[in-house]
Amino acid sequence: MANVSGNAYALTVLSPIKEGLVAGKEIAYADAVRDRLYDWNELDNSPMAKVPQTYLCRYFVLDDVYVQSLPSGSYPDNRYDWSPYITDGKRRGSLPAEDRLQSRYLVFSSNFHAGPNADLDGYLHNMWDAISDDIREVWGYCYGFDRVSSAATFAAYIKKCQLETTLFFVGSNDDPLPEQLKALFLKQEFARFAATNQGLPAAELRKNYNEFITRVAPEDLNGPSWSPGQYKFD
Amino acid sequence: MNKKLELADIQGNVLRAYGRFGYPAARYVCLNVKNEIRGRDFIAAVTERVTTAIDWSTEDGKKLKPNWTANIAFSYQGLRKLGLPRASLVEFSPEFSQGMKARKDILGDQGPSAPENWDPVWERNGKDFESNVHILITLNGLMPAPVTEDANGMQEAREASLEHREQAYEWLLEVVKEHDDGVAVLGGHCGANGEKFDYQDADVLFEDGMPTAKEHFGYHDGISDPVIEGVPYDEGRVEGRGKLLEGGKWAPLATGEFLFGHIDEAHEYPPAPRPILLSRNGTYMVFRKLHENVGTFNAFLSEHGKKYPGGEELLAAKFVGRWKDGTPLVLAPNEEKRKAFQDKLKEASLEEQERMLSDFSYEDDMSGAKCPFSAHMRRINPRGSLEQVAGEVPGSMIRSMKGENEGAFDTPGALANRRRIMRRGLPYGTVSDRTSDKGNHGIVIMMLNANINREFEFVQQQWINYGNDFKAANDKEILLGNHNIDGKSPSKAVIQVDPESDDVPYIVSDIPLLVETRGGDYFFVPSMTALRLIARGVIDPT
Amino acid sequence: MSNVAGKAYAMNVITPVRWYTAWLNKLYFWAAVKFPSTLSGLVTLSLIHYARWTIIGRKSFPHLDHRQPKETLKYSYMLFFSNFNGSWEQYVDSFTFAIPSGLDLFWKWNVRYSKSVPLTPFHDYIQYNQIETPHYYNAYPLASSNDVKSAANVRATLLAFERAASQDESDEAFQKRYHGLLRALQHDLGEMHPTPIVTMAANQVEKRTQWQSRVFEAPNAQS
């Protein structure tokens, strides 16, 4: 299954948004959804920071697909290109088709640690438990979401909206997020330790190193670390 | 090379670092255009005397090598003021039309390097119409061959070059005077003691009466300038200066990386303003005045030199990737090899010397044991070294391969070939007290490229002020990095060692700000044809 | 707009593929997984945290409710989502410089794909088909993909170093071992700070949005 690479999971969700206007307002559901997503940027941090194991994720609204009107590469684009005689009808017929979507879609794409069992359900349950209010806020105008009332129904709903990933490329790693964050913390701290303890006599170096290890506790994922979504140092 | 450029249509400073061609004395003059029509008359008059890139080694060319050179470039505001049509103006790149000052957050020109601390001529630039730097004229004086080979002979030759520069300046002032209703010279270039000049001088540094290629920190400079297709006098200089090919061979870079109207490394004409006669054979020039904190540098070097196992001279070399005498660390990683290299260099012909100094890659130094990843030279031009992945031995890097004889990238220099910059730099000012930062001395550097954003700004931001491409997180390039500009984030750099040795990597910590920006802007250097069209006021993209 | 979250940029590109050639794309992607050398350029570039390609059949758009109108598409669509480090241009450029044939392999059957070289038509193609991300979350905005990988190496190496320690080790033996640790981590000692600004436009937006702007209170990024 290409949704999975190692312990990492690529969740792709397209949730159709209802057509129509928010009651009493001159704003379409899809536009209201987008506006709420922008609201999230005004918060101290994204609600998704509370969802365990999320590496990176995004939300956007797919308004429509794009009709291709740019010039293409030079190789024959379709079978009419081989013909020595092209009528206007054929020429028109060989132009890129004008596709239009019938619905607008809320797109949610998440990269997360799912473990060896590709535990999508666990992730979605945790997501619901952590941010169900926020979930209602953005998914509330989507078709079928009215049947969502619990972690289980949310997971079932998302899976109905899920698309299978064709190729998932993991360029960083698939470690659990707390391990990634702990590692980043250690990297930063060790770089500083190495610089400030350069050239010390062996005994002093050893003493400082032991103090350093006690302080940073490399094993302890609950010890000092970076917090999810941390964007500055204190 | 079958491509031949139209050398008489290209301004001479684009293809030549004049210093290398016997012009050790430069003067830079900024002008404001007061009146469009008379401003264009001024351009017409200057154009008559602009130095082109013709080949001075041919019979005819020899006769045309001038006692002084003159070249001209325009800021976006200058082109606007001279009446270029809107349709052409909008096709210049956004960074060029914004100007260097507005790009300070991209360039890291903050803290002491912030525009409010620039020389008045640059600090005032853009504040009001009368202070806008519209035109930059660059003049260089020729040093004749010394009549006698002793110090006196050299001294006379040097004075002659200064005399030539004065002649050039007198000519310019005369033309300005004839058009003083059209243009005005902008003053406010800071001299050694804060005095203000109407021009910025830059001069080759002399040592014991002999000219050197050094800058104020004491390094040889300007060795590995790119070589492009179609320049007859660069044909023998491709190794180490062109682009690295599979198998360690070198080829000249595509002309379009540096000149509009020519195919670039992506097989297209670089985006440029229309009409084509306006842009063809022209390019962008980045002008920067960079102050060197010599006292800070010496104190910093000596402090770390005491602790660094290889000693001060080797550490100084590690900062740059070359020993101070120019010997590349990759070819001569220790003092013994440096001596041997220099002995061989002294025996070699001029052409052979050029090749020796530049013909190398990082193939045998992927881990940075010889030339560290944060060294100036490796950061400015990583050659093929970015095609790298971690090796089996902890702490090592190796070339990444797709197949047995095929690198992971399209070509080894894939990430470097489109980030090259032609550099034309000369030192300015003198250092009287090597323990102090005071005074005004550094480098005036002019960098030429067809895409400021992709070439100069990328190198400045991503490779000098950031280290991700070098697996160095936010660690900066040692010499030019904008270290600790906020007073809160002191920089450091790692001097790597052979991962299979017992050596210990050295961390250069608390790197101070060694080089500060004191001014500059982005300019367009038109072809001779474009100059004539601008002067006539007939640029028309219709 | 927040295509940018710290050191990562979210790219969404949606492009049509003819339904009868979509299997070709799938074949290439399958081959990429089977023959990892296809991806060695991507791995070496090391600019991507996570990226994915999803091909949606023209009749496979999620349909949740009988009130939802059915899609009537003539093409299938390829969605490309990337989480990469650097600005849009830096990323797109690095890819076309380094692995142009790899890009062409993945996209060449897409309708009116420009090919990756020359650069400007390729820029135009991606830009034309790109969708902005209103909300982008990154668990480690201060880290690049290189940093994440380097950090994992630091942690594993430190833990191994700890495991190798023994009570009767002399100080000198410890020091020798510590020097080996530094050597092993000599490419992992870079310090992380906020990203350099990505573009002037992104910088302006970040200054205006509350939570991002706090990063930029530092005097090194005053306007």
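Residues numbered from 1 in each chain as written. Chains lettered and ligands numbered in written order. Predicted model: local features only at pLDDT ≥ 70, side-chain atom pairs only at ≥ 80, totals over all residues.

**Digging into the overall build of chain C**
At step 1: Secondary structure assignment for chain C yields nine helices and six strands.
At step 2: Taken over the C-alpha trace, chain C has a radius of gyration of 22 Å; the compact-globule value for 223 residues is 17 Å, which it surpasses by more than 25%.
At step 3: Seen through its principal axes, chain C has C-alpha atoms that stretch 75 × 50 × 45 Å.
At step 4: In chain C, buried positions account for 54% of the 223 residues.
At step 5: When contacts within chain C are restricted to residue pairs at least 6 apart in sequence, those whose partners lie at least 24 apart make up 74%. (Helix = DSSP H or I, 4+ residues; strand = E, 2+ residues; numbered from the N terminus. Rg over C-alpha atoms; globule rule 2.2 N^0.38 Å. Buried ≥ 20, exposed ≤ 12 C-beta atoms within 10 Å, placed from the backbone. Contact = placed C-beta atoms within 7 Å.)

**What to know about the overall build of chain A**
At step 1: The helix and strand tally for chain A stands at six helices and six strands.
At step 2: Helices and strands appear in chain A in the N-to-C order β-β-α-β-α-β-α-α-β-β-α-α.
At step 3: For chain A, the C-alpha radius of gyration of 25 Å lies well beyond 17 Å, the compact-globule estimate for 234 residues.
At step 4: When its C-alpha atoms are laid out on the principal axes, chain A stretches across 90 × 55 × 35 Å.
At step 5: Considering chain A as a whole, with its 234 residues, one finds that 41% of them fall into the buried category.
At step 6: Once local pairs closer than 6 in sequence are excluded, the contacts in chain A between residues at least 24 apart make up 79%.

**Notes on the interface of chain B and chain C**
At step 1: Across the contact, 46 residues belong to chain B and 44 residues belong to chain C.
At step 2: Contributions of two or more residues to the side of chain B that touches chain C are made by helix 7 (104-107), helix 16 (453-464) and strand 17 (491-495) of chain B.
At step 3: The dominant element in the side of chain B that touches chain C, judged by the number of residues it contributes, is helix 16 of chain B, at four residues.
At step 4: Taken together, the residues of the side of chain B that touches chain C sort by class into 21 nonpolar, 14 polar and eleven charged. (Nonpolar A, V, L, I, M, F, W, Y, C, P; charged D, E, K, R; others polar.)

**So, the domain arrangement of chain A**
All names here are of chain A.
At step 1: Segmenting chain A into domains produces domain 1 (4-65 + 100-163) and domain 2 (175-234).
At step 2: Taken over C-alpha atoms, the centre of domain 1 sits 35 Å from the centre of domain 2.
At step 3: At the interface, seven residues of domain 1 touch four residues of domain 2.
At step 4: By residue class, the composition of the side of domain 1 that touches domain 2 is two nonpolar, five polar and no charged. (Domains from an automatic or database assignment.)

**Some words on the interface of chain C and chain A**
At step 1: Each partner contributes to the interface: chain C provides 91 residues, whereas chain A provides 81 residues.
At step 2: Of the residues assigned to the side of chain C that touches chain A, the class counts are 51 nonpolar, 20 polar and 20 charged.

**Observations concerning the packing of helix 3 (residues 88-98) of chain C against helix 5 (residues 119-128) of chain C**
Residue and element names in this part refer to chain C.
At step 1: Helix 5 packs onto helix 3 with a crossing angle of 130 degrees between their chain directions and a minimal axis gap of 11 Å. As judged from the angle between their axes, helix 3 and helix 5 are oblique. For the element pair helix 3 and helix 5, the recorded crossing hand is right-handed. Seen from helix 3, the contacting residues are Val-92, Asp-93 and Thr-96; seen from helix 5, they are Leu-119, Phe-122, His-123 and Ile-126.
At step 2: Per-class residue counts for the contact of helix 3 with helix 5 are four nonpolar, two polar and one charged. (Axes fitted to C-alpha atoms, helices over the stretch in contact; angles between N-to-C directions. Parallel < 35°, antiparallel > 145°, perpendicular 65-115°, else oblique. Left-handed = near helix turned anticlockwise from the far one by under 90°.)

**As for the nonpolar core**
At step 1: Core analysis: the biggest nonpolar cluster contains 258 residues, and Leu-106 of chain A together with Ile-137, Tyr-284, Met-285 and Phe-523 of chain B have the highest contact counts within it.
At step 2: Discounting chain neighbours no more than four positions away, the residues touching Tyr-284 of chain B are Phe-96, Leu-448, Asn-449, Ala-450, Ile-452, Tyr-522, Phe-523 and Phe-524 of chain B. (Core = buried A, V, L, I, M, F, W, Y, C linked by C-beta atoms within 7 Å.)

**Things to note about the environment of Glu-406 of chain B**
At step 1: With respect to the secondary-structure elements, Glu-406 of chain B resides in the loop between strand 14 (397-399) and strand 15 (422-428).
At step 2: A sequence separation of 160 residues divides Glu-406 of chain B from Glu-246 of chain B, and the C-alpha atoms of the two residues are 7.8 Å apart.

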